[in-house]
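# Structure at a glance
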Amino acid sequence: MSPGAGPCVIAVAARKGGVGKTTVACGLASVLAAAGRRVLVVDLDPQSNAAYVLGVDPTLAGTAAWLTGATPEFQVAADNLMVLAGGPELVDRTVQRLDPHDLHAVATETAADVIVCDCPPGDEHLERLAIRAAQVALIVTDAHPLAVKGAGRVIEDLEADRRKGHRTPARTALVLSKVDTRRSMDRGLDAHLQETWGTLPRLTVRQDVDVAQATAAGVPIMRSAPNSRGAQDLQAIVRWINGEA
Ligand SMILES: Nc1ncnc2c1ncn2[C@@H]1O[C@H](COP(=O)(O)OP(=O)(O)OP(=O)(O)O)[C@@H](O)[C@H]1O
Ligand SMILES: [Mg+2]
């Protein structure tokens, strides 16, 4: 991330639901904010889960207003950590008809060092808005074969975008999420991903009860459990994003 070059946009995506996108997005945002970066979380989920997880009001005007030129509420979740809530307006026609590069256009005008986009499951249009704006794409999967298939769809779309000359993220990595090596499926995940997409870096967030509790309580991880395993894994991902690992 280079200071002064406009916000670094990070898209956290996975076509599959429930794999840990919001946990990774909010966790990274908390780590970056605790390190002194000015962070904006853009919740792209109609369910507004990122807003819940970061303990702000999920019902206030947020991402949809920001994208359509209305007046959003930039809510403060912690020092340096702002949130635009998701909400059902994200599936309204006005948002669904936006050009895929519109989030990029608004992001460049925004006073933040880092913008973390939490993509929803399934909605390719909302995911594309984030991916086309991103310098960094993190594709999250757990060990379930359907999650790996979902990650594959995101990767295929990225490759198609690249072939067609669209704006694509400079760096892409897979995030292996909720990893518990006591489970045989989880033990085989890293090797499987290496075999399938060997050129993509692989980063890991282990299964961690502190992470689950922080998300349920609506408290950013660096405030609730800064020394937890999950926080350490998220800090390692931030080092990769910063080009330090
Ligand atoms: N590393 C982890 N350790 C323990 N629990 C986790 C971890 N990551 C995610 N979880 C739990 O898994 C569940 C799903 O996580 P999360 O909401 O982040 O997934 P998601 O991909 O954003 O889901 P959705 O597709 O609904 O947006 C949550 O209950 C969360 O607390
Ligand atoms: Mg989510």
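Not measured: the values here are computed from a predicted model. (Residues numbered from 1 in each chain as written. Chains lettered and ligands numbered in written order. Predicted model: local features only at pLDDT ≥ 70, side-chain atom pairs only at ≥ 80, totals over all residues.)

## Remarks on the overall build of the chain
This is how the line gets drawn: Numbering of helices and strands runs from the N terminus, with a helix taken as a DSSP run of H or I at least four residues long and a strand as a DSSP run of E at least two residues long. The globule rule used here is 2.2 Å times the number of residues to the 0.38 power, and the radius of gyration it is set against is calculated over C-alpha atoms. In this scheme every C-beta is placed from the backbone, and a residue whose C-beta has 20 or more other C-beta atoms within 10 Å is buried, one with 12 or fewer is exposed, and one in between is partly exposed. For the purpose of contact definition, each residue receives a C-beta atom placed from its backbone, and two residues are in contact when these atoms lie within 7 Å.
Looking only at helices and strands, the chain features 11 helices and 8 strands. For 245 residues, the compact-globule estimate of 2.2 N^0.38 gives 18 Å, and the chain sits close to it at 16 Å. Referenced to the eigenvectors of the C-alpha coordinate spread, the extents of the chain come out at roughly 50 × 45 × 35 Å. Per-residue burial for the chain yields a buried fraction of 48% across its 245 residues. When contacts within the chain are restricted to residue pairs at least 6 apart in sequence, those whose partners lie at least 24 apart make up 73%.

## Things to note about the environment of Ala 112
As for its placement among the helices and strands, Ala 112 is situated in the loop between α5 (102–108) and β5 (114–118). For Ala 112, a count of 20 C-beta atoms within 10 Å translates into the label buried. With residues up to four places along the chain from it excluded, the contact list for Ala 112 reads Pro 7, Arg 38, Val 39 and Leu 40.

## Considering the sheet that holds β5
How we decide: By this definition, two strands are paired if DSSP reports at least two bridges between them. Angles run from 0 to 180 degrees between N-to-C directions of axes, and those axes are lines fitted to C-alpha atoms, restricted for helices to the stretch in contact.
Spatially, the 8 strands line up as an open sheet ordered β3-β4-β2-β5-β1-β6-β7-β8, and their pairing is mixed. Only two strands of the sheet have a single partner each, and these edge strands are β3 (75–78) and β8 (202–206). Along the sheet, successive strands turn relative to each other by an average axial angle of 25°, direction set aside. Here strand β2 (residues 39–43) runs beside β5; their pairing, made up of 5 bridges, is parallel. Directly across from Val 39, in β5, lies its bridge partner Val 114. On top of the sheet, helix α1 (residues 21–34) reaches β1 (8–13), β2, β3, β4 (81–84), β5, β6 (136–141), β7 (171–179) and β8; it is set at about 165° to β5, its chief contact. The sheet contacts of helix α7 (residues 145–163) involve β1, β6 and β7, and relative to β6 the element is tilted by about 155°.

## Brief notes about the pairing of β2
Burial of β2 is extensive: 5 of the 5 residues sit out of reach of the surface. Side-chain alternation along β2 places Val 39, Val 41 and Asp 43 on one buried face and Leu 40 and Val 42 on a second face that is also buried. Relative to β4, β2 runs parallel, the two being bridged by 4 bridges. Bridging across to β4, Leu 40 finds its partner in Met 82.

## So, the packing of α1 against helix α11 (residues 229–241)
Filter applied, for reference: Should an angle fall under 35 degrees it is taken as roughly parallel, and over 145 as roughly antiparallel, whereas 65 to 115 is taken as roughly perpendicular and any remaining angle as oblique.
Across the interface, α1 lies against α11 with an axial gap of 9 Å and an inter-helix angle of 75°. Comparing the axis directions of α1 and α11 gives the class roughly perpendicular. Residues Gly 27, Leu 28, Val 31 and Leu 32 of α1 touch α11, and the partners they reach there are Gly 230, Leu 234, Gln 235, Ile 237 and Val 238.

## Observations concerning helix α8 (residues 184–196)
Quick note on the threshold: Expected span, for any helix, means 1.5 Å times one less than how many residues it has. The reported bend at a residue is simply the angle between two axes, fitted to the 7 residues ending at it and to the 7 residues beginning with it.
Taking 1.5 Å as the rise per residue, α8 with 13 residues should run 18 Å; its terminal C-alpha atoms sit 18 Å apart, in good agreement. At Asp 190, α8 shows its largest kink, close to 30°.

## Topic: unusual backbone geometry
One non-glycine residue, Asn 80, adopts positive backbone phi at about 70°. Asn 80 sits in the buried class, given 20 other C-beta atoms within 10 Å. The phi angle at Lys 178 is positive, at roughly 55°, despite the residue not being glycine. In this structure, Lys 178 sits in strand β7. Judged by local crowding, Lys 178 falls into the buried class, with 24 C-beta atoms found within 10 Å.

## As for the site of ligand 1
The cut-off we apply is this: In this analysis a residue is considered near a molecule or strand if the C-beta atom, reconstructed from its backbone, is found within 6 Å of that molecule or strand.
In the vicinity of ligand 1 there are 21 residues, among which Gly 17, Lys 21, Thr 22, Thr 23 and Pro 121 approach most closely. For the shell around ligand 1, the elements supplying multiple residues, two or more each, are α1, β7 and α9 (209–217).

## So, the pairing of β6
By the criterion of burial, β6 is predominantly enclosed, with 6 of the 6 residues buried. Residue alternation in β6 divides its side chains into two sets, Val 136, Leu 138 and Val 140 and Ala 137, Ile 139 and Thr 141, and both sets are buried. Bridge count for β1 against β6 is 4 bridges, and the pairing is parallel. Its bridge partner lying in β6, Ile 10 is registered against Val 136.

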